[in-house]
Each structure stands twice: as C-alpha cells, then as structure tokens.
Amino acid sequence: MPTFALDFKKHTTKSFNNNYFMKSATAFITVHPGDVLRDELEMRGIKQKDFATTIGMPASVLNDIVQGKRSVTPDIAILLEAALGKNASSWLTLQAERDLEVARQKEEFVQKQKDIETWQLIQDCCNVKYLEKYLPNGLGKTTHEKISTILEFFKVKSIEALRESFVKDVNPAYFRKSDKFENNPVNIFTWKHMAYDKSATLSRPKRFDREALHYLIEGLNTILYENENTIARIESLMNEYGIRFFLFSNQKGTHIDGFSFWKGSNPSVALTLRYQKIDILAFTLMHEICHVFRHLNPQDNLSTCITLTDVKDSIEEKEADTFARMSLIPAKEWQMFKERNAAVNPYAMPSRIREFAHKHQIHPAIVLGRYQHDFNIYDNGRGFDRSIN
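Cut-offs used in this document
Residues numbered from 1 in each chain as written. Predicted model: local features only at pLDDT ≥ 70, side-chain atom pairs only at ≥ 80, totals over all residues. Heavy atoms only, no water. Salt bridge = Lys/Arg side-chain N within 4 Å of Asp/Glu carboxyl O. Buried < 20%, exposed > 50% of the residue type's maximum accessible area, 1.4 Å probe, protein only. Helix = DSSP H or I, 4+ residues; strand = E, 2+ residues; numbered from the N terminus. Axes fitted to C-alpha atoms, helices over the stretch in contact; angles between N-to-C directions. Parallel < 35°, antiparallel > 145°, perpendicular 65-115°, else oblique. Left-handed = near helix turned anticlockwise from the far one by under 90°. Contact = heavy atoms within 4.5 Å. Nonpolar A, V, L, I, M, F, W, Y, C, P; charged D, E, K, R; others polar. Pairing = 2+ DSSP bridges. Expected span 1.5 Å × (residues − 1). Arc of directions from axis to C-beta. Core = buried A, V, L, I, M, F, W, Y, C linked by side-chain atoms within 4.5 Å.

Visitor: Go over the pattern of salt bridges, please, and point to the residues and values.
Guide: Under the counting rule described, the total for this entry stands at 12 salt bridges. For Glu 226, the salt bridge goes to Arg 233, with nearest N and O atoms at 2.7 Å. According to the relative accessible area criterion, Arg 233 is partly exposed, its value standing at 26%. What you see here is one network of salt bridges that share partners, running through Lys 338, Arg 370 and Asp 374.

Shown next, in the form of structure tokens:
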C-alpha cells in the first residue's frame, strides 16, 4: 500500500480555519467536514483516489464524505488524524456542529424549540397547574397543544398579548406581602381568569340596579338570619338584583376571600368560603357587595376588586370592610348596645348578644363577630352555632 502520509509533510501545513466552524450568514449551516477534507487534499495536491487507498477506504465512500453525503464517524476521524495530522476530535466537532445545525433547520425541531421557549414565558404569567386541574380536558398532551389551549383560555392570540394582559391586570396594591400569607401575582391572575370563565357559564341575571342596594341588603339579612338553604337562596336573590353569585374554591398558593368584577352587562361576585362560618360568609359577602355598588366601573371590563386574606392596604378595601361591619347591624342601636355593655364581663355577654340579635332579626353569630371585633375579645363565642345551613 502506498504511503502518502509522509508525502503530505512536503506541503505547507494548514490548520483548520475558524471559518469552518462559523455559520453561514445566510443559511446558518456549518461547513461539512467533507468540505474541509477536500480543501486539505487540494492544497496538498493529493488525489482523492490515492488518499482513499492510503487510509484503506473505498473511493466511493471517501467521495461521499467529500460531497457531504456521508458523516465522519469516530473510526474515520482516527484515520484522518493519522493521515493528515489533524486531531480526530476536531473532525468530530465539525461533524457534530453540522448535524446540530441541520437538525435545527428541520421544521419540526424549529417549532418544538419555539414551543419550549414560549412555554417558559407562559409560566411567568400563568399557573399552568391550576388550568390543568380546572379545564375538563386538561391542557393537552404536547407542549404545542398546551400553549394553544392556554392562549384560547385567556382569549389572546400570542404570548405577547398574554403578557400584556398580565401586566395590565395586576394591581401592585393587591399583592403586598401580608404577615400571614404570601400571594403570588401569577397565581392570582390565573385564578381570576378561572373565575371569569366560571362566571361566563352561569345564566344571565336580571338587570342590575345600582339604586337597589338597600333592598338587596334587607333580603340578604333575612336569608342569613334564617340560615336555611342559605347559599342557594343568596344566589337566587343576587340574580334577582342583577348580580351573578357563585362559590369558587381557592387553589393551592392563593389566599382569596372574595372577588367582584364586571364582565358584560352585569357584575359578578365569587366567594371562596375558606371558612365555613355564617358570620364570615356575611362579612365577606357584604364586603364584595360594597365593591360592586361603589367601586366597580361597568364601562371597564378590567374593573375588579379582589379580597386577599390579611391584606387591607387599599382605600377601597378599608371602605368595604367598614361597610361590611355596619351594613347588617343598625348603627344607632349598636352604639347604644356597646355603651350599655361596655363594663359587662365578656363571658356574661352571650345571652345579651342573643337578645340583641333576636330583637333586630340578625343572626347571633353575626352580632357576636361584630362584638368580638369592636371589643377585641375573641374567646367568648362558645355555644354559638356559626355553621352555614
């Protein structure tokens, strides 16, 4: 077998030009190692047929490599290293770069790569686990299907539109850290849109009348006082006054008590009932009703008020708290009750609280809650039934 390896040394050596490792400015495809091999052989004046004989390779196989139709394998790289003095790993690096770029140009992989990037961006403004659990058919099997489902759910056409919606929807005042709970804006944003979706499935209530607040409170007070089939009756009455009402559970990582918002021609109120107690139901319900009648803007579909546990920083939240405390208990009578009982031992108060509640047709647990708040005494409620029936 002829030995051309020594003859190669007569020619000026040429190290691999860095251009071989650079991508084309137009096609973004790296050079095939066969191109480098062809240049090396031409520079050294070696014929392909003779070189094939030297390394013990069929001329057709070598020609396929030079033409870029065949890959350089580790075995071939070792032969090229022995014959040309070029490190085998360099040949394999060229081949690996070429294979990687070819794969990137395939439409299927281009789409998959784009989907992966989009999926990561989506998770910056959407809790995908919430939606996977909430939607009847989940999000889908592939990443592409999941992205399409999420964009459709949020009624947007692109990730850019979703991110814009997230930025517009988040009110920093609602997400200040509380002493007890930490509320993540991504979780809140996702939960709110789930509530929007739930509200859209409900039957349309009657026309909303902003002047009917007094009559609505009277009706709700009667329902809460009687405490029979309470939730269903509240829903029915709220619908009569033009407000969609529904219970909507919290998700892990959210600490929401209530949510009021305006979509279409009617407002909606969602309560989570994190605590199954009639007085907490009454307070949270009245709190959200205050938002509906005083704070929501029917001309703005982004107008929302969300009540987070232990977060009462905004003026609207403080006003709604005051309204909730005072809406079911007559202010004048309550002030007189407080003055008469200011010096009474708290543990002697249950009978007086029940008497006051019966006289004014208010559920005793609601009066108890107001007493405990105003006197800052919370351990005298034994014997009061606070359950929701």
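Visitor: Kindly report on unusual backbone geometry, identifying the contributing residues and their values.
Guide: The backbone of Asn 227 sits at a positive phi, close to 50°, despite the residue not being glycine. Inspection of the secondary structure assignment puts Asn 227 in the loop between helix H12 (213–226) and helix H13 (230–240). The exposure class assigned to Asn 227 is buried, which follows from its relative accessible area of 6%.

Visitor: Tell me what's going on with the packing of H13 against helix H14 (residues 278–295), and back it up with residues and numbers.
Guide: Interaxial distance between H13 and H14 falls to 13 Å at its minimum, and their mutual angle equals 15°. Between H13 and H14, the crossing angle belongs to the class labelled roughly parallel. With respect to the hand of their crossing, H13 and H14 are arranged in right-handed fashion. In this structure, H13 contributes Thr 230, Ile 231, Ile 234 and Met 238 to the contact, and H14 contributes Ile 278, Leu 281, Leu 285 and Ile 289. Taken together, the residues of the contact of H13 with H14 break down into seven nonpolar, one polar and no charged.

Visitor: Got a sec to walk through the side chain of Thr 190? Specific residues and values, please.
Guide: For Thr 190, the position within the fold is in helix H11 (residues 185–200). Relative accessible area serves as the criterion here: at 0%, Thr 190 is assigned to the buried category.

Visitor: Got a sec to walk through the pairing of strand S2 (residues 256–263)? Specific residues and values, please.
Guide: Of all the eight residues making up S2, seven are buried; the element is thus mostly covered by neighbouring parts of the structure. Note that S2 and strand S4 (residues 304–308) share five bridges and pair antiparallel. Paired with Ser 260 across the strands is Cys 305, a residue of S4. Taking the residues between adjacent antiparallel strands as the criterion, S2 and strand S3 (residues 266–271) are bridged by two residues, where Gly 264 takes a positive phi near 75°.

Visitor: Account for helix H15 (residues 315–326), naming residues and giving values.
Guide: Along an α-helix, residues three or four apart share an orientation, since each turn contains 3.6 residues. Between its terminal C-alpha atoms H15 stretches 17 Å, which fits the 16 Å expected from 12 residues at 1.5 Å a residue. Listed in full, the buried residues belonging to H15 are Glu 317, Ala 320, Asp 321, Phe 323 and Ala 324. Projected down its long axis, H15 carries its buried residues within an arc of 165°, all on one side. In this structure, the buried residues of H15 make contact with H12, H14 and S4.

Visitor: Got a sec to walk through the sheet that holds strand S1 (residues 244–247)? Specific residues and values, please.
Guide: Sheets are built from strands paired through backbone hydrogen bonds, the pairs being either parallel or antiparallel. Pairing is mixed across the open sheet formed by four strands, whose spatial order is S1-S3-S2-S4. Unpaired on one side and paired on the other, S1 and S4 mark the two borders of the sheet. Ignoring which end each strand starts from, the neighbouring axes of this sheet average 10° apart. Helix-sheet contacts for H13 involve S1 and S3, and the interaxial angle to S1 is about 160°.

Visitor: So what about helix H4 (residues 59–66)? Which residues, and what values?
Guide: Here H4 has its buried residues at Val 61, Leu 62, Ile 65 and Val 66. Projected onto a plane normal to the axis of H4, the buried residues spread over an arc of 140° and lie on a single side. Looking at the buried side of H4, the elements it contacts are helix H2 (33–44), helix H3 (48–55) and helix H5 (74–84). Trailing H4 by a residue or two, Gly 68 shows a phi angle of about 80°, which is positive.

Visitor: Could you give me a rundown of the nonpolar core, with the residues and numbers involved?
Guide: Leu 220, Leu 224, Ile 234, Met 238, Met 286 and Ile 289 are the most contacted members of the largest nonpolar core, which totals 48 residues. Looking at which element gives the most residues to this core, the answer is H14, with nine residues. Apart from the residues within four sequence positions on either side, Ile 289 is in contact with Leu 213, Leu 216, Leu 220, Met 238 and Phe 323. Membership of the second largest hydrophobic core comes to 34 residues, among which are Leu 135, Phe 154, Val 186 and Ile 256.

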